[in-house]
Each structure stands twice: as C-alpha cells, then as structure tokens.
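Spelled out, the chains give:
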Amino acid sequence: MTTFATISAKVRAAQRISAEEALFLFASPDLLGIGELAALANERKNGRNVFFNVNRHINPTNVCVNRCAFCAFSRTAGEEGAYTLALDEICRRAREAADEGATEVHIVGGLHPDLPFEFYEETLQAISSSVPGLHIKAFTAVEIEYFSRISGLSIERVFERLISAGLGSMPGGGAEILVEEVRQKICPEKISGAHWLDIIRLAHLAGLKTNATMLYGHVESAADRVAHMEMLRNLQDETGGFQAFIPLAFQPENSDLKLDLKGTSGLDDLKTLAIGRIFLDNFDHIKAYWIMLGEKIAQVSLAFGVNDLDGTVIEEKIGHDAGALSPQSLTKDGIIRLIRKAGKTPVERDTLYHPLRSY
Ligand code: V47
Ligand code: SF4
C-alpha cells in the first residue's frame, strides 16, 4: 500500500517513485513533508547552489494562427494590438541585451501566417553575426513543426538549417499538458502531445538541449499532471536532452479560458514544483519561473526543491498579457538578493548550465 512513509523511504534511498505515488503526493495535505523530500532530492544534485542567468526575452510576433484558449498574448493578423518586429529591431534588442551583460536571448513567438521560414533563419544569422557569443535559445517544438509545414522541409532539415544559422538550444514551451483530452480543451489547434515529444526527441538527436514546461492550474487534473511528467521522464530516459523542468502557473486574465478560474494558489505552486523535483529524478534542474509565480513564491520554492530561477528576462509579454503581477524584469542584483535571502548561494550560469560566477 502507498503511504507517505513508503514514498519517503524511496526518496531517501534515491529510488524512483511511481506515477501512483506522485498522485498520492498531489492528494496529500503534507506540503512541508513533500517539500522536505524535494529539498533532499535537490540538495543531492545541486547542493546549496541556485542558478540564474542574465537573459532577455524577444517575441518577434504575437500574430498566431493557433489562438490557444489560454493564450492572452496572441492576436489574429490585422487585429488591434497585433505586431511583428522587423529583423533590425530584433537584432537591436539582442545587441542591447549583450551590452547589458546578457549571455542569452530567448526567442519565441506566434505562428505567423505570412512570414517565411527564411525570416527565422535570417534572424538567427543576423544575431549570431552581429552579436557573436550570445547564446540563442529559440523556438518551441510547436514553432519547429510549423516551420517544417510552411517550408516543406523535414523536421531534421529544419534543425540542420537553424543550427547552422546559430540556434544554440530550445526552450520548453508548447508542452502545456501533453494529455490529448486536455489539449482538445485548451489548445485544439496545437500539435498533439505525442507530436511535441517526437519533435523534442529529434531536437535532442540533433544535439540540441531543450527544457520542458508544464502549464498547470486550468482544466487539468492531478492525474493529467502526473501523466505529463511521466511522458517527460520516459523521453529523458531515452535521450537525456532535457535540462530543466519548468511548471508554468496559469495566468487567467484576458484569455478565453477565463471562466471562473482565479489562477493557482501558492500552495499548489509549491506542491507542483516539489513533486516535479521528486518525480523527475532524471532531470538535473527544476526552474521556478518567477514571472508567473511572483517573486515571493519563487523565493520560497528554493526550500521546496527548486534550484533555478530563470533569468532577468526583460520585457516579458506572454504572462503579463494574461495578467501576471510580477515585474517585467528583475535586475541581476535583485535576483542575487532574492537567492541570498533564502539562504542559498546564487550562481550565474550560461544557458547550458556552465557556472559563470558565484556570489
Ligand atoms: O508554451 C501562455 C505559456 C509558454 C499563458 O524554457 C502561459 O527556459 C501562463 O515556455 N499563463 C511560453 N502561461 C513560455 C515558456 C518559457 C518561459 C520561461 C522559460 C522557458 C524556458 C520557457 O507560456 C507557452 C505556454 O505554456 N503560457 N499563456 C498564460 N496565460
Ligand atoms: Fe500561438 Fe503559442 Fe499563444 Fe498558442 S500559446 S496561441 S501557439 S502564441
């Protein structure tokens, strides 16, 4: 029989817990007990270090043919508020970021009905030639699949072309909840969960590291969250290409999923991060994306198994269009202070988790 004690014994012995046991933890009221196990699992991997990076997000366009029900960022072409950045402006932002100490740009956007694949390829080429050394983490699996469709190229060929144009790694977006019934409710136009996993597998085979996100706190059940994490854990066993798991707390404003959803509770945020740390024993990093969680919950999460606070971000749009109350960026000093005050050691990292400097 599953009890908290049997799960605790497994985690303490560094053994993998089952999906059923993860579900048991979601149903458990013992948040502090779960947090303690997650902290233990994390300390074993990362000691007292907490990573952050200095980065900038650039969203080249919010025009998107998918219009997922939870997304307040996207617009239809021609709709008020729709925008597309010129290549020069994207480059200018990347250069400005590097001048201010960023080591990474994080580039994701909508699925634009008219921009050709070459626009994205040229964007990477232009950034890598004008800002050499800046790591480009770009495009979700959803965008990669779209590039393949609009160009007629295979997924493998899309990766080859983007890597030679300067793509360094991929973020973890577009995963949402990989369970099909949930996808039908929240993002029916988006590629299936199985397809998302296939594209990520090909990314890993092409030598790209990626992250994996999980959008939670909308219509999904705890069982859906566990099924999602199990699919990620299985793929990670196969490829080892995931760097961080990033649960994204749903921000309900201005989205078609608004219903009577009020957003996640801090308790659910901490529990989800902690169970992610315990269940995903083959992921090195659990990232608290402070933009969606707020600074305080992100800080508390450092005692619940989290070892990464993402970055300075600068001008975040996806969460803020959906009502996120966090600031749009944090300074490096702000992140360092936040980590220090939680009793941990701040370590600036590059995108691939090489430590650059500890504070
Ligand atoms: O895929 C969209 C999510 C994602 C909302 O890999 C929303 O380092 C909450 O993936 N409420 C894009 N979330 C952002 C993303 C990401 C962010 C930070 C770091 C990394 C990384 C990846 O944002 C989308 C979707 O799941 N999203 N709308 C919303 N209303
Ligand atoms: Fe488009 Fe991504 Fe928003 Fe879905 S989440 S509507 S794919 S920008």
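Every value quoted in this text rests on a predicted model; they were computed, and no experiment measured them. (Residues numbered from 1 in each chain as written. Chains lettered and ligands numbered in written order. Predicted model: local features only at pLDDT ≥ 70, side-chain atom pairs only at ≥ 80, totals over all residues. Heavy atoms only, no water.)

Caption draft 1: Local environment of the site of ligand 1. Taken together, 22 residues form the shell around ligand 1, and within it K137, G172, G174, E176 and K287 come nearest. Note that a nitrogen atom of ligand 1 is positioned 3.1 Å from one of the backbone N or O atoms of F70. Between ligand 1 and K287, the relevant distance is 2.8 Å, taken from an oxygen atom to a side-chain nitrogen or oxygen of the residue. Computed on the free molecule, ligand 1 has an accessible area of 620 Å², of which 95% lies beneath the protein chains in the complex. Of all the secondary-structure elements, those providing two or more residues to the shell around ligand 1 are β5 (210-216) and β6 (242-249). (Near = heavy atom within 4 Å. Polar contact = N/O pair within 3.5 Å; in protein donor to acceptor, adjacent residues only side chain to side chain. Areas by Shrake-Rupley, 256 points an atom, 1.4 Å probe, with all protein chains shown as cover. Helix = DSSP H or I, 4+ residues; strand = E, 2+ residues; numbered from the N terminus.)

Caption draft 2: Quick peek at the pairing of strand β2 (residues 55-58). Side chains of β2 alternate between two faces, with N55 and H57 and R56 and I58 buried alike. In terms of handedness, the path from β2 via helix α4 (residues 87-99) over to strand β3 (residues 104-107) forms a crossover that is right-handed. (Buried < 20%, exposed > 50% of the residue type's maximum accessible area, 1.4 Å probe, protein only. Right-handed = clockwise from strand over helix to strand, strands pointing away.)

Caption draft 3: Representation of the site of ligand 2 within the structure. Around ligand 2, a shell composed of C64, N66, R67, C68, F70, C71, S74, G110 and K190 is seen. Taken together, the residues of the shell around ligand 2 sort by class into 4 nonpolar, 3 polar and 2 charged. (Nonpolar A, V, L, I, M, F, W, Y, C, P; charged D, E, K, R; others polar.)

Caption draft 4: Looking closely at the environment of E89. Checked against the element boundaries, E89 lands in helix α4. Its relative accessible area of 21% is what places E89 among the partly exposed residues. A sequence separation of 199 residues divides E89 from A288, and the C-alpha atoms of the two residues are 29 Å apart. A polar side-chain atom of E89 sits 2.6 Å from a polar atom in the side chain of R93.

Caption draft 5: Unusual backbone geometry, seen in detail. Even without glycine at this site, R67 takes up a positive phi of about 50 degrees. Mapped onto the fold, R67 is located in the loop between β2 and α4. Owing to a relative accessible area of 32%, R67 belongs among the partly exposed residues under this scheme.

Caption draft 6: Main features of the nonpolar core. Counting residues in each nonpolar core, the largest one holds 113 residues, and the members touching the most others are F70, I127, F139, I144, L162, W196 and L232. In contact with W196, not counting residues within four places along its chain, are A141, V142, G172, G173, G174, A175, L178, I191, N211, A212, L232 and F242. (Core = buried A, V, L, I, M, F, W, Y, C linked by side-chain atoms within 4.5 Å. Contact = heavy atoms within 4.5 Å.)

Caption draft 7: Up close: the pattern of salt bridges. Under the defined criterion, the tally for this structure stands at 23 salt bridges. Residue R349 pairs with D308 through a salt bridge whose shortest N-O separation is 3.1 Å. Highlighted residues: R349 in strand β9 (residues 345-349) and D308 in strand β8 (residues 308-311), separated in sequence by 41 residues. Across this residue pair, the class does not change: R349 and D308 are buried. Members of the salt-bridge network, linked through shared partners, are R56, E89, R92, R93 and E96. (Salt bridge = Lys/Arg side-chain N within 4 Å of Asp/Glu carboxyl O.)

Caption draft 8: Spatial organisation of the packing of helix α6 (residues 141-151) against helix α9 (residues 193-205). Contact geometry of α6 with α9 gives a least axis separation of 9 Å together with a crossing angle of 85 degrees. Here α6 lies roughly perpendicular to α9, going by the angle between them. From α6, A141, V142, I144 and E145 reach across to α9, where they touch H195, W196, I199 and I200. Residues that form the contact of α6 with α9 fall into these classes: 6 nonpolar, 1 polar and 1 charged. (Axes fitted to C-alpha atoms, helices over the stretch in contact; angles between N-to-C directions. Parallel < 35°, antiparallel > 145°, perpendicular 65-115°, else oblique.)

Caption draft 9: Quick look at the packing of aromatic side chains. Under the counting rule described, the total for this entry stands at 10 aromatic pairs. Seen from their ring centres, F119 and Y120 are 5.3 Å apart, and the 90 degrees between their planes marks the pair as edge-to-face. The exposure classification of F119 matches that of Y120, with both residues buried. Taken together, F117, F119, Y120, F139 and F147 form an aromatic cluster joined through their ring pairs. A cation over a ring is seen here: R233 above F279, with NZ or CZ 3.8 Å from the ring centre. (Phe/Tyr/Trp six-rings, centres within 6.5 Å; stacked < 30°, edge-to-face > 60°. Lys NZ or Arg CZ within 6 Å of the ring centre and 35° of its normal.)

Caption draft 10: Layout of the sheet that holds strand β7 (residues 285-286). Reading across from one edge, β5-β6-β7 is the order of the 3 strands in this open sheet, with parallel pairing throughout. A single partner strand is all that each edge strand has here, and the edge strands are β5 and β7. Where β6 meets β7, 2 bridges bridge the pair, whose relative direction is parallel. When the sheet's bridge partners are listed, A244 is paired in β7 with H285. (Pairing = 2+ DSSP bridges.)

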